[in-house]
Amino acid sequence: MNTDLLKRLCETAGVPGNEHRVRDLILSEIDGLFDEVTTDPMGSLLCKRKADRADAPKVMLLCHMDEIGFLVSHISKDGYLYMQPVGGFDPRNLFSRRVKVCTDDGDFKGVMNPGGKPIHISSAEDRKKIPEVGEFFVDLGMGKKSHDHIKVGDFVVMDEPFLEMGDKFVSKALDNRVACWLGIEAIRALADQGRGAEIHVVFTTQEEVGLRGARTSAFKIQPDIGIGIDTTLSCDTPGIPDKDATTVQGAGFGLHVRDSSFIADRDLVKQIEAVAIENDIPYQRTMLAAGGQDGAAAQQAAAGARAVGIVVGTRYIHTVTEMVAQSDLAAARDILVAYLATFK
Ligand SMILES: [Zn+2]
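About the cut-offs
Residues numbered from 1 in each chain as written. Predicted model: local features only at pLDDT ≥ 70, side-chain atom pairs only at ≥ 80, totals over all residues. Heavy atoms only, no water. Pairing = 2+ DSSP bridges. Helix = DSSP H or I, 4+ residues; strand = E, 2+ residues; numbered from the N terminus. Axes fitted to C-alpha atoms, helices over the stretch in contact; angles between N-to-C directions. Phe/Tyr/Trp six-rings, centres within 6.5 Å; stacked < 30°, edge-to-face > 60°. Buried < 20%, exposed > 50% of the residue type's maximum accessible area, 1.4 Å probe, protein only. Parallel < 35°, antiparallel > 145°, perpendicular 65-115°, else oblique. Contact = heavy atoms within 4.5 Å. Nonpolar A, V, L, I, M, F, W, Y, C, P; charged D, E, K, R; others polar. Salt bridge = Lys/Arg side-chain N within 4 Å of Asp/Glu carboxyl O. Arc of directions from axis to C-beta.

Participant: Got a minute to help me understand the sheet that holds strand β17 (residues 322–325) in this structure?
Facilitator: Sheet strands pair via backbone hydrogen bonds, and the direction of the pair is either parallel or antiparallel. Here three strands make up an open sheet; going across it, the order is β10-β11-β17 and the pairing antiparallel. Where the open sheet ends on each side, the last strands, each with one partner, are β10 (163–165) and β17. Between one strand axis and the next, the sheet turns through 25° on average, direction left out of account. For β10 and strand β11 (residues 168–171), the ladder comprises three bridges, and the chain directions are antiparallel. Note that in β11 the partner of Glu164 across the bridge is Phe169.

As structure tokens, this is what we get:
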């Protein structure tokens, strides 16, 4: 398993509208893997592998490059940075975070906290309040000099290293660098199989703010089949009833049947399930009550496509401790390879 690539993908900063560093890393990794590589006006990276015949179906894999983060919206006269979130943060997970502010002139380390008093001088009542995301600020430790380096629109990410622990991976950006990894590693493993389909692997932008890059790239490609590759919830941890688990870690890749953005194509679900069984690839069917993913954009592009999701169950999602099971990630790679290889 190419852990080094996943680590580098996870530790590269890229929030919605600012995916350029991730795109550059992917570009350097996919040398020779595809027949045509282009970047579209929204910044998505479109990678096409030609079929060996003219009437081959178009299969599109969608892998979003962006991670949740912030854009600097205001710099106070004393040099504190205020931000707008790009992506869904729970403010309870934002206290006392180390962050990185990314600018064209380099990156700056900072610490994030909400306005307010420390435990020694706060009241019991103060400590019960959960601040809004907009009440958090970043201190760069340079006071008014922040004005010399930071501009409104610069982006901010959590600053945490990638970890391999037990049989899991942990990172702040597994959502959705696991898909970037899968889009590269599956095509690498496919080698020369699957030439009966025209395969488009698209590394999309701005998924976390509403599947925006997926919409335009799917409109351009007009696939017959769209596969949204992403993380999903894995709530198999204390404090959550079994019925809300969504996925159980270690039980295989997620075959995504429904979320609030789409309902997967019935036949495609059955077909991929049959390929998983035939190849002994562990899987679990999954559904989400809320939340969407790029497969929906492919499904609804132009006159429509058949679509499904291949997902990896992720604990503690949208926190700096996002965790996936290595075996689930391997299963997601294996099903992509096995399914694409059926296009002979
Ligand atoms: Zn995602």
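Participant: For this particular structure, what's the right way to read the packing of aromatic side chains?
Facilitator: Between two aromatic rings, the relevant description is the distance of the centres plus the angle of the planes. Under the criterion given, the structure shown has seven aromatic pairs. The interplanar angle of 5° and the centroid separation of 4.5 Å between the aromatic rings of Phe70 and Phe89 together place this pair among those described as stacked. Highlighted residues: Phe70 in strand β4 (residues 69–75) and Phe89 in the loop between β5 (81–86) and β6 (97–103), separated in sequence by 19 residues. This pair shows no difference in class: Phe70 is buried, exactly as Phe89 is.

Participant: I tried to follow the packing of helix α1 (residues 3–10) against helix α2 (residues 20–29) on my own but got confused; where do I start?
Facilitator: The geometry of a pair of packed helices is captured by two quantities: the angle between their axes and the separation between those axes. For the pair α1 and α2, interaxial distance at closest approach is 10 Å and the crossing angle is 155°. What the angle tells us is that α1 and α2 run roughly antiparallel. On the side of α1, the interface is formed by Leu5, Arg8 and Leu9, while α2 contributes Val22, Leu25, Ile26 and Glu29. Counted by class, the contact of α1 with α2 contains five nonpolar, no polar and two charged residues.

Participant: I keep staring at the sheet that holds strand β12 (residues 198–204) and nothing clicks. Help me out?
Facilitator: Spatially, eight strands are ordered β1-β2-β12-β3-β13-β16-β14-β15 in an open sheet, and the strand pairing comes out mixed. Strands with a single pairing partner mark the edges of an open sheet, and in this sheet they are β1 (36–39) and β15 (283–287). The average angle at which neighbouring strand axes cross in this sheet is 25°, direction not considered. As paired elements, β1 and strand β2 (residues 45–49) share four bridges and run antiparallel to each other. Bridging across to β2, Glu36 finds its partner in Lys48. α2 rests against β1, β2 and β12 of the sheet, and its axis sits at about 20° to β2. Sheet contacts for helix α5 (residues 174–190): β2, β3 (58–64), β12, β13 (225–233) and β16 (306–314); angle to β13, the most-contacted strand, approximately 135°.

Participant: Sorry, what's going on with the environment of Ile225 here?
Facilitator: Relative to the elements of secondary structure, Ile225 occurs in strand β13. Considered as a pair, Ile225 and Ile277 are 52 residues apart in the sequence and their alpha carbons are 21 Å apart.

Participant: Can you help me understand the pattern of salt bridges in this one?
Facilitator: If the charged atoms of two oppositely charged side chains come close together, the side chains can form a pair. In the structure shown here, the tally under the stated rule is 20 salt bridges. Its salt-bridge partner being Asp159, residue Lys109 comes within 2.8 Å of it at the nearest N-O pair. Here the residue Lys109 occupies a position in strand β7 (residues 106–114), and Asp159 occupies one in the loop between β9 (155–158) and β10, the gap between them amounting to 50 residues. The shortest N-O distance in the salt bridge between Glu185 and Arg188 comes to 2.5 Å. Of this pair, Glu185 and Arg188 both sit in helix α5, separated by three residues, roughly a single helical turn.

Participant: Please explain α1 as it appears in this structure.
Facilitator: Side chains three or four residues apart in an α-helix point the same way, a direct result of the helix having 3.6 residues per turn. Within the span of α1, buried status applies to Thr3, Leu5, Leu6, Leu9 and Cys10. When α1 is viewed along its axis, its buried side chains cluster within an angular range of 160° and face the same direction. Where the residues of α1 are buried, they touch α2, β10, β11, α5 and α9 (326–340).

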